[in-house]
Amino acid sequence: MKEKENKRTGTENKSRREAAPFITGLLFCAAGLFLGVSVLIYLFKWKYYLSGDGKVGEIGIDVARLFTETFGIGALAVPAILCMSGFRILRPHRKFVKNLTVLVLGCVMVSVVMTFLFHGTTAKTWLGNGLGGRFGYFLFDLLDKKIGIIGTGLFLLVAIVAYCLFITPKTMNVIKTAYRKLKNLIGKALSAQREKKEKKTKTKIKEKEKKNNDYRDDGIPPVPDTDEPIEDDDFIVINNTGDDDEKPNDEEEQSPFIPQYNKEPEFDSKTIEEEYLPEESLTGELYDPTRDLSGYQRPTVDLLEDYKTLGDKIDNEELKRNKDKIVEILGHYKIGIDKIYATVGPTVTLYEIVPKEGIRISQIRRLEDDIALRIAAMGVRIIAPMPGKGTVGIEVPNDKPDIVSMRSVIKSAKFQESKFDLPVALGKTILGEVYAFDLAKMPHLLVAGATGQGKSVGLNAILTSLLYKKHPAELKIVMVDPKKVELTPYNKIEKHFLAKLPDTEEPIITDTQKVVYTLKSLCMEMDNRYDLLKIAGVRNVKEYNEKFVNRRLNPLKGHKYMPYILLVIDEFADLIMTAGKEIEEPIARLAQLARAIGIHLIIATQRPTTNIITGLIKANFPARIAFRVTSMIDSRTILDVPGANRLIGRGDMLISTGGTDLIRVQCAFVDTPEVDRVTDFIRLQPGYGEAYDLPEYVDDKHAEKQIDMQNLDPMFEDAAKVIVQNQIGSTSLIQRKLSLGYNRSGRIMDQLQAAGIVGPADGSKPRQVLISDLLSLDAILTAFRK
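Read on for a plain summary of the structure. (Residues numbered from 1 in each chain as written. Predicted model: local features only at pLDDT ≥ 70, side-chain atom pairs only at ≥ 80, totals over all residues. Heavy atoms only, no water.)

## Points about the pattern of salt bridges
Side-chain pairing between opposite charges can occur once the charged atoms of the two side chains come close. By the definition in use, this model includes 27 salt bridges. With a closest N to O distance of 3.2 Å, Glu368 and Arg646 form a salt bridge. Here the residue Glu368 occupies a position in helix H11 (residues 368–375), and Arg646 occupies one in the loop between helix H20 (632–639) and strand E15 (652–657), the gap between them amounting to 278 residues. Of the residues examined, Glu368 reaches a relative accessible area of 16% and is grouped as buried. Ionic contacts of the salt-bridge type, sharing partners, join the residues Arg381, Glu395, Asp652 and Arg664 into one network. (Salt bridge = Lys/Arg side-chain N within 4 Å of Asp/Glu carboxyl O. Helix = DSSP H or I, 4+ residues; strand = E, 2+ residues; numbered from the N terminus. Buried < 20%, exposed > 50% of the residue type's maximum accessible area, 1.4 Å probe, protein only.)

## Structural notes on the sheet that holds strand E5 (residues 381–383)
Strand order in the open sheet made by the four strands is E3-E4-E6-E5, with antiparallel pairing throughout. Each of the sheet's edge strands pairs with one partner strand only, and the pair in question is strand E3 (337–344) and E5. The mean inter-strand angle of the sheet, taken between neighbouring strand axes irrespective of direction, is 20 degrees. Inspection of the sheet shows strand E4 (residues 348–355) paired to strand E6 (residues 392–397) by six bridges, in the antiparallel sense. Paired with Ile353 across the bridge in E6 is Val392. Strand contacts of helix H9 (residues 316–332): E3, E4 and E6, with the helix running at about 40 degrees to E4, the strand carrying the most contacts. (Pairing = 2+ DSSP bridges. Axes fitted to C-alpha atoms, helices over the stretch in contact; angles between N-to-C directions. Contact = heavy atoms within 4.5 Å.)

## Here we look at empty space enclosed by the protein
Once rolled over the atoms, a probe with the size of a water molecule shows which space is left empty. Scanning the entire structure with this criterion turns up one cavity of 30 Å³ or more. Considering only enclosed or pocket space, the largest cavity measures out at about 50 Å³ in volume. Contributing to the lining of the largest cavity are Gly345, Pro346, Thr347, Val348, Lys428, Thr429, Ile430, Asp652, Arg664, Val665 and Gln666. Counting residues per element, the ones that place at least two in the lining of the largest cavity are strand E7 (423–429) and strand E16 (662–667). It is E16 that provides the largest number of residues to the lining of the largest cavity, a total of three residues. (1 Å grid on protein atoms, 1.4 Å probe; cavity = no way out; pocket = protein on both sides within 12 Å on 5 of 7 lines; lining within 4 Å. Points joined across faces, edges and corners; volume = space filled by probe spheres on them.)

## So, the sheet that holds strand E10 (residues 475–480)
The sheet built from nine strands is open, its strands ordered E8-E7-E16-E15-E14-E9-E13-E12-E10 with mixed pairing. Among the strands making up the open sheet, the edge pair consists of strand E8 (434–438) and E10. On average, each strand axis in the sheet is inclined to that of its neighbour by 30 degrees, with strand direction left out of account. Relative to E8, E7 is paired through five bridges, and the arrangement is antiparallel. Each bridged residue has a counterpart across the sheet, and for Ala425 the counterpart in E8 is Ala436.

## What about H9?
An ideal rise of 1.5 Å per residue puts 24 Å on 17 residues; H9 measures up with 24 Å between its terminal C-alpha atoms. Buried residues of H9: Glu318, Leu319, Asn322, Ile326, Ile329 and Leu330, and no others. Within H9, the buried residues cover an arc of 105 degrees as seen down the axis, which keeps them to one side. Facing away from the buried surface of H9 by more than 90 degrees, the exposed residues are Asn316, Glu317, Lys320 and His332. Where H9 is buried, its residues meet E3, E4, H11 and E6. Looking one or two places after H9, you find Lys334, whose phi comes out positive at around 55 degrees. (Expected span 1.5 Å × (residues − 1). Arc of directions from axis to C-beta.)

## What about the packing of helix H15 (residues 512–536) against helix H18 (residues 581–593)?
At their nearest, the axes of H15 and H18 sit 9 Å apart, and the two run at 25 degrees to each other. Classified by the angle between their axes, H15 and H18 sit roughly parallel to one another. With respect to the hand of their crossing, H15 and H18 are arranged in left-handed fashion. Contact residues: H15 offers Val515, Val516, Leu519, Leu522, Cys523, Met526, Asp527 and Tyr530, while H18 offers Glu582, Ile583, Pro586, Ile587, Arg589, Leu590 and Leu593. (Parallel < 35°, antiparallel > 145°, perpendicular 65-115°, else oblique. Left-handed = near helix turned anticlockwise from the far one by under 90°.)

## A closer look at the environment of Pro489
For Pro489, the position within the fold is in the loop between E10 and strand E11 (499–500). Sequence separation between Pro489 and Pro673 is 184 residues; the distance between their C-alpha atoms is 9.2 Å. With near-sequence residues (within four places) excluded, Pro489 lies in contact with Thr672, Val675, Asp676 and Thr679.

## Digging into the side chain of Asn554
Topologically, Asn554 is positioned in the loop between helix H16 (541–549) and strand E12 (564–569). By relative accessible area, which is 0% here, Asn554 ends up buried. One polar contact links the side chain of Asn554 to the main-chain amide nitrogen of Leu556, over a distance of 3.0 Å. (Polar contact = N/O pair within 3.5 Å; in protein donor to acceptor, adjacent residues only side chain to side chain.)

## What about helix H17 (residues 572–579)?
When H17 is considered as a whole, its buried residues turn out to be Phe572, Ala573, Leu575, Ile576 and Ala579. Taken end-on, H17 shows its buried residues confined to a sector of 160 degrees, consistent with a single buried face. Every exposed residue of H17 that faces more than 90 degrees away from the buried side is listed here: Met577 and Thr578. Looking at where H17 begins, the residue whose side-chain oxygen comes 3.2 Å from the main-chain nitrogen of Ala573 is Glu571.

## Examining the nonpolar core
Core analysis: the biggest nonpolar cluster contains 110 residues, and Ile583 and Ile587 have the highest contact counts within it. Broken down by element, this core gets its largest block of residues, nine residues, from H15. With sequence-adjacent residues up to four places away left out, Ile587 is seen in contact with Leu519, Ile569, Phe572, Leu601, Ile603, Ile617 and Phe621. (Core = buried A, V, L, I, M, F, W, Y, C linked by side-chain atoms within 4.5 Å.)

## Details of the packing of helix H23 (residues 716–726) against helix H24 (residues 731–738)
Two elements in contact, H23 and H24, have axes whose closest approach is 10 Å; the angle formed by their N-to-C orientations is 115 degrees. Viewed along their axes, H23 and H24 form a crossing whose handedness is right-handed. Contacts between H23 and H24 involve Asp718, Ala719, Val722, Ile723 and Asn726 on the former and, on the latter, Leu733, Ile734, Lys737 and Leu738. Looking at side-chain class alone, the contact of H23 with H24 contains six nonpolar, one polar and two charged residues. (Nonpolar A, V, L, I, M, F, W, Y, C, P; charged D, E, K, R; others polar.)

## Points about the pairing of E12
Side-chain positions along a regular strand alternate between the two faces of the sheet. Among the six residues that make up E12, six are buried, leaving the element largely enclosed by the rest of the structure. Across the two faces of E12 the burial is the same, with Tyr564, Leu566 and Val568 and Ile565, Leu567 and Ile569 all buried. Bridging between E10 and E12 involves six bridges; their strand directions are parallel. Paired with Met479 across the strands is Val568, a residue of E12. In this sheet, strand E13 (residues 599–605) lies alongside E12 in parallel orientation, the contact comprising five bridges. If you follow Val568 over to E13, its bridge partner there is Ile602.

## Quick look at unusual backbone geometry
Cis geometry is found at the peptide bond from Ala384 to Pro385, where omega equals -5 degrees. Checked against the element boundaries, Pro385 lands in the loop between E5 and E6. Going from Met442 to Pro443, the amide bond is cis rather than trans, its omega being -5 degrees. With respect to the helices and strands, Pro443 occurs in the loop between E8 and strand E9 (445–448). Of note in the backbone geometry, Arg551 takes a positive phi value of approximately 60 degrees without being a glycine. Position of Arg551 relative to the elements: it lies in the loop between H16 and E12. Look at Arg551 and you get buried, because its relative accessible area is 6%. Even without glycine at this site, Asp640 takes up a positive phi of about 70 degrees.

Structure, rendered in structure tokens:
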């Protein structure tokens, strides 16, 4: 009994202790509501207070007047403080202190800001000292005296921003968003104004041109609007020296696009720059780079085999069997799935599963070997998750794979209607779509895979695609084949598509030393092309050729149509083992710089190890193709991720284009007889007189031994004068000034070096000129004449 009484007594005492705070909290809330109503009524119906008709009594009137006249509109925060204090007593809240601080600071902030905005207005007549009250007027008056009205405004602006940041950190995001929108609006307004000015300027220029169309300021009649070729008189020469424009002799009235090599040109000391014709002066027909082989016909599709499917199409039984096994093995590991889809490809079927909520992706990714064991298939690959989808992909090889023929790929609309600069069709994806890409945008390609997995067939597919789409004037191919047998069928198209060093018998390079010379020759070609691009004022070979076709560049100044150049190396590992840095350095330089001037590389190797595919090579080959390899390490070396070790071979490959996604493609099969038929079709057509000549490269160590100073070039003395007059030892300067080919200009430069007129080559920089004046040069030339 005593225990029950004691328990009852304790409960009553606890209830009394809890009742006191509860009642206090209610009183605070009631006072807050009463004061809030009083303040609102006083603010909006203050005349009733003055007449004594208020509905909150004298206490309400007095208290409302006190707080309102003290804080102005900020007095509304006082009832909120009372109510919040009451709620704090009724129900403790951990954010009470912050909320109380926010309300107090808000009351002060509103009071001062309202006084700043409305000081001196009629609000003083009914709120004492304005909308901010006496307290606000006091602080505003203090700030105004100390820092002035402008300083007060800036101070309050900073205080408001700080107050908003104190309330919520998201305020900064709002400020940034508002700043960006304001910046965009200002930018659009400025752009619109700029475009308007440009339109007005163009209109004025056109009006001037119309007025001056009948007769030019210099007395030369206007160019007639005919279809005849543009004469050299119409080219404008831009000289930094400020001299008058050069004018050709009357005897040189041939087309400006037919260089005259037999005519001995005159010399002057002017710096040679680009001659171009403005767009508004174009009157002749466009230059056709294919006119020398205007009758060339591209290979026909019937030259390729139409391989029939060796096996029947995958049936529903196989799909259902594989699906049940996948569901079963996932069930063993307690991995539930909601849905499963199947996409049938030529050699692989993709099963997409939607796992249930709470299933970790890593649980599924670990089951590649278990699923392969259960399905009894090699090459099972798991993609977790599928890019751009909320599913997990499981690739399972088909029991009866199809052969993807090169004919079906070439005939596809995706390839035939492509507008790529260098279109390549490789095969078909898992979805059965033709996979085609633009090699010019890759811009280089690294191909690797174990022996017998389809690497050589992949190279043939790339080359066949290009032969079917490009004209010989648009593409030149440099082929390097250390094995001497893989690229042999392409010997037949030497006079159409192949490029090589001058005076080289074999069109396909097999000797390692000649490979080194060829790579350095390509570097020379790259430097020469960049010089021409600089003079033409363009950024890439596509813009340059467009300008040349529109007859805005003069061939008499060294300009020419630039075909794309493709370097194909079949076995890169053998070259690295035999030549090492001599091979790696020029290839790295070409890969870094040659994209803009139309030189692209395809490197293939069957040894994807880190000492062959070095970091320097990988950094410059973002596009990579991996056929089946033997280990995960090799896959990581090629693609930076595993997966190539899970392929099934026979043309099955993974393609990485520089991103994180890998595309699985079945390579199109093109057999050697098919390549022979295509190359024979091209060989039987008229071609050029010889293969496309690359710049001649002479090793500096043996240059002097190879130069016969008794048989100097007829233009040797003229070239020497040009070099000494301009004090620039540049091969391209001789080429432009004397209207010579690049190879001949290079040989003359070697003779000038042997004669002691210029120094040795220094990379892409001009050579040092060792003779300072023409008198010293005459003494040297006199000695050679004797």
